[in-house]
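Chains, contacts and geometry: an overview
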Amino acid sequence: MSLSAKSVLKEGSTELSHICELDLSKQASHQRLVSLIATISLSSRNADTIYTMIMRGVNIFRLNFSHESHEMHSKTIELINEALERIHRETGQIRTVAIAADTRGPQIRTGLLDGDVFLRSGDNLRLSINRDLYDKGNKEAVYVDYPNIINLTKTGDRLFIDDGRLLLHILEVGVDGLLCEVIHGGHLNNNCNVILPEIEIDLPAVSEKDMFDIQFSIKANVDFLFASAVRSAKNVKELRTVLGEKGKHIKIIAKMDSKIALSRFSEILRAADGLLLSRADLGTQIPIEKLFITQKSILGQCNKAGKPVIVASHILESMRTLPHPTRAECFDLANAIIDGADCIMLSSEVAIGSYPKETVATCDTLCREAEKVLWFRDLFSDLVSEVRGELDAAHSLAIAAVETAKRTNATLIIVLTTSGRSATLVSKFRPRCPIVAVTRCDRTARWVYLHRGVLPLLYTSEPSTDYATDVDARVQFAMTAAKKWTIIEDGDPIVIVSAWKDGGGFTNNVRVVYAFFEADHVDCLFRSDRRRSQKNTNLQMANREADENKNR
């Protein structure tokens, strides 16, 4: 069994003994299971940085439509494709990465300022709906672009400006605006967003800007839509309508970024393809001491439902200006992994920070170290026990595959898949080893990155006329790649999940094979008998040593 697998697969008799026996002297060397998402902007939009990010483990690139133009995003996509082509030329491997479009969502915004404005605690500020003040904002009055704000708010309500940096309390609701007291002050900038945490605003779920950005995203062939300001399942359905037939392949990831969204968590979870926990936005709207409990609850419910979940905001924030993170950030990131995150998203750290490459490398290392702590035995049992009612064939097979991997101490699960669903179902039950999803569909080879532990492998050879031969060819291809990735070694048990015939929806076969490698050959072979595999490998090595001795 490979060293990379041993560091993850080792079990003690209890979770406590497992933690006590963690090897503190060695770096984690296993294949990282969680996916990394990196935001591309000013600091990272260059060919060398994007290439390095991919080589250091970035799986998904995020385009933030709140801040940049379509021209800049087109340039980013072009650089990503150039980096993938460079990797193919240098390594001969077809690497895939996914692209996510992050919409701004419906927002209330302030107008423009006439000069510098600094607000101090105790100051009064009028938020006016009078359009004449749009570009004449000052210390006494600022324009807001939401006329209905005077009908939805009341005296005593809170509101935040500029992503929560400024906190105001409403003293009086007038006919043309709100008179507010500044509780937490600071500099006020142009066009700041205004957040009403206790109020459900009646703005459309898809703004005109979002509509424009979504149409661009469809043409750019993005894989995911990170939807901001989702307030209900109805909003998710409205987004699907906007995506239409041309964008039906795009997965909708709903952001948990408001108190309103949190109150309707269950319905949003059912409607969306996954969730993104925006801790910065949510942290302005709920008590700060409840934020870590909220994270644990959201991640647990997503794991239970088998929906992918992304943890975002302030992951390694200090690395915007420093080449290393704080200790608190290291602990926070590790806890997100232990809580059950499928993906970790880096935002300003790599978008506008000074050390984007170092940030990705640090995040990769911290994630792998945190994964060593996970106690997979009880996690698998808990997830299986939470499955209610009669199981369909796909769920039953996924449970069987993970149970088989657990009992055989397998270092790898190979899933032959068309749509990717079989691989994501296996991921739902959190196996201790990586899942290599072999597919001929390039879109599948991108979107499965949302799910923990799934490593897509694009297989481009034409199908064999004999289905059994084609299955063996894909399995050998996956095992050869896994050997190059140092996931498996001679004699390692491998669990294979495949279909009984070609096409989607026919997956119903689980088997165990053992890897071996012929001397002087890169390709991995496999046998059903472990002893024969090891005997063959040892014989190959002995023959090679004999030949070398003869030639001396």
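Residues numbered from 1 in each chain as written. Predicted model: local features only at pLDDT ≥ 70, side-chain atom pairs only at ≥ 80, totals over all residues. Heavy atoms only, no water.

Right, let's talk about the overall build of the protein chain for a bit. In terms of regular secondary structure, the protein chain is built from 20 helices and 23 strands. If you line up the protein chain on its principal axes, its C-alpha atoms span 95 × 55 × 50 Å. Relative to its 552 residues, the protein chain shows a buried fraction of 52%. For the protein chain, the proportion of contacts with a sequence separation of at least 24, taken over those separated by at least 6, is 67%. For the protein chain, the accessible surface area stands at approximately 24600 Å², while carbon and sulfur atoms represent 51% of it. Of the charged side chains in the protein chain, 69 are positive and 71 negative; the average position of the first set lies 4 Å away from that of the second. (Helix = DSSP H or I, 4+ residues; strand = E, 2+ residues; numbered from the N terminus. Buried < 20%, exposed > 50% of the residue type's maximum accessible area, 1.4 Å probe, protein only. Contact = heavy atoms within 4.5 Å. Areas by Shrake-Rupley, 256 points an atom, 1.4 Å probe, with all protein chains shown as cover. Lys, Arg positive; Asp, Glu negative; His and termini not counted. Charge placed at Lys NZ, Arg CZ, Asp CG, Glu CD.)

Quick look at the sheet that holds strand E15 (residues 274-278) now. Sheet architecture is closed into a barrel: eight strands sit in the order E1-E2-E3-E13-E14-E15-E16-E17, paired in parallel fashion. With strand direction ignored, the average angle separating the axes of adjacent strands in the sheet is 25°. The pairing of strand E2 (residues 58-64) with strand E3 (residues 98-102) spans five bridges and is parallel. Bridge pairing in E3 places Ile 60 opposite Ala 98. In the packing of helix H3 (residues 47-55) onto the sheet, the strands contacted are strand E1 (35-39) and E2, and the crossing angle to E2 comes to about 135°. Contacts between helix H11 (residues 291-305) and the sheet are confined to strand E14 (251-256), E15 and strand E16 (309-312), with E16 contributing the most and set at about 160° to the helix. (Pairing = 2+ DSSP bridges. Axes fitted to C-alpha atoms, helices over the stretch in contact; angles between N-to-C directions.)

To continue, consider the nonpolar core. Grouped together as the largest cluster of nonpolar side chains are 70 residues, with contacts concentrated most on Phe 61, Leu 275 and Ile 344. When residues of this core are assigned to their parent elements, the largest contribution, six residues, is made by helix H4 (residues 70-91). In contact with Ile 344, not counting residues within four places along its chain, are Ser 35, Leu 36, Ile 37, Val 311, Ile 315, Leu 333, Ala 336, Ile 337, Cys 363 and Cys 367. (Core = buried A, V, L, I, M, F, W, Y, C linked by side-chain atoms within 4.5 Å.)

This next bit is on the domain arrangement of the protein chain. The assigned domain composition of the protein chain is domain 1 (32-105 + 205-372), domain 2 (117-195) and domain 3 (378-517). Inter-centroid distance (C-alpha atoms) of domain 1 to domain 3 is 25 Å. On the domain 3 side, the residues contacting the 29 residues of domain 1 number 22 residues. Both faces combined, the contact of domain 1 with domain 3 buries some 2200 Å², and carbon together with sulfur accounts for 56% of it. The interface formed by domain 1 and domain 3 contains four salt bridges. Of the charged contacts, one joins Arg 430 and Asp 342 as a salt bridge, the two residues approaching to 3.3 Å between their closest N and O atoms. Counting across the interface, domain 1 meets domain 3 through 13 residue pairs in polar contact (both at pLDDT 80 or more). (Domains from an automatic or database assignment. Buried area = accessible area lost by both parts, 1.4 Å probe. Salt bridge = Lys/Arg side-chain N within 4 Å of Asp/Glu carboxyl O. Polar contact = N/O pair within 3.5 Å; in protein donor to acceptor, adjacent residues only side chain to side chain.)

Where helix H6 (residues 208-219) meets helix H7 (residues 233-243), the closest approach of the two axes is 10 Å, and the angle between their N-to-C directions is 55°. For the element pair H6 / H7, the angle class is oblique. In this structure, H6 meets H7 at a crossing whose hand is right-handed. When H6 is examined against H7, the residues Met 211, Ile 214, Gln 215 and Ile 218 are found in contact with a partner set consisting of Leu 239, Val 242 and Leu 243. (Parallel < 35°, antiparallel > 145°, perpendicular 65-115°, else oblique. Left-handed = near helix turned anticlockwise from the far one by under 90°.)

On to the pattern of salt bridges, then. When the charged atoms of two side chains lie near each other, side chains of opposite charge can form a pair. Throughout the structure, instances matching the rule amount to 33 salt bridges. Between Glu 198 and Lys 259 there is a salt bridge; the shortest N-O distance is 3.8 Å. Of this pair, Glu 198 sits in the loop between strand E12 (193-195) and H6 while Lys 259 sits in helix H8 (residues 259-263), and the two are 61 residues apart along the sequence. Residue Glu 198 is classed as partly exposed on the basis of its relative accessible area, which comes to 37%. A residue is classified by how much of its surface remains accessible, and Lys 259, at 35% relative accessible area, is partly exposed. When the shortest N-O distance is used, the salt bridge between Asp 378 and Arg 377 registers 3.9 Å. For Arg 377, a relative accessible area of 27% puts it in the partly exposed group. Here the residues in one salt-bridge network are Arg 32, Asp 364 and Arg 368, joined through shared partners.

Relative to the elements of secondary structure, Phe 118 occurs in strand E5 (residues 117-119). A residue is classified by how much of its surface remains accessible, and Phe 118, at 33% relative accessible area, is partly exposed. As a C-alpha pair, Phe 118 and Asp 48 span 70 residues in sequence and 40 Å in three-dimensional space. Residue contacts for Phe 118: discarding those within four places in its chain leaves Asp 123, Lys 139, Gly 186 and His 187.

Another aspect to go through is the layout of surface pockets. Quantified by volume, the second largest pocket comes out at close to 860 Å³. Broken down by secondary-structure element, the contributors of at least two residues to the lining of the second largest pocket are H3, E2, helix H14 (356-371), strand E20 (454-458) and helix H19 (467-484). At five residues, E20 tops the list of elements feeding residues into the lining of the second largest pocket. Across the lining of the second largest pocket, the residue classes break down as 16 nonpolar, 14 polar and six charged. (1 Å grid on protein atoms, 1.4 Å probe; cavity = no way out; pocket = protein on both sides within 12 Å on 5 of 7 lines; lining within 4 Å. Points joined across faces, edges and corners; volume = space filled by probe spheres on them. Nonpolar A, V, L, I, M, F, W, Y, C, P; charged D, E, K, R; others polar.)

The next subject is H7. The complete set of buried residues in H7 reads Ala 233, Asn 235, Val 236, Leu 239, Val 242 and Leu 243. Buried residues belonging to H7 abut H6, strand E13 (224-227), E14 and helix H9 (265-271). At the exit of H7 stands Gly 244, carrying a positive phi of roughly 65°.

Burial runs high along E2: seven of the seven residues are buried. With four bridges joining them, E1 and E2 adopt parallel strand pairing. The partner of Ala 38 across the bridge, within E2, is Phe 61. Once the chain exits E2 it traverses H4 before rejoining the sheet at E3, and the crossover so formed is right-handed. (Right-handed = clockwise from strand over helix to strand, strands pointing away.)

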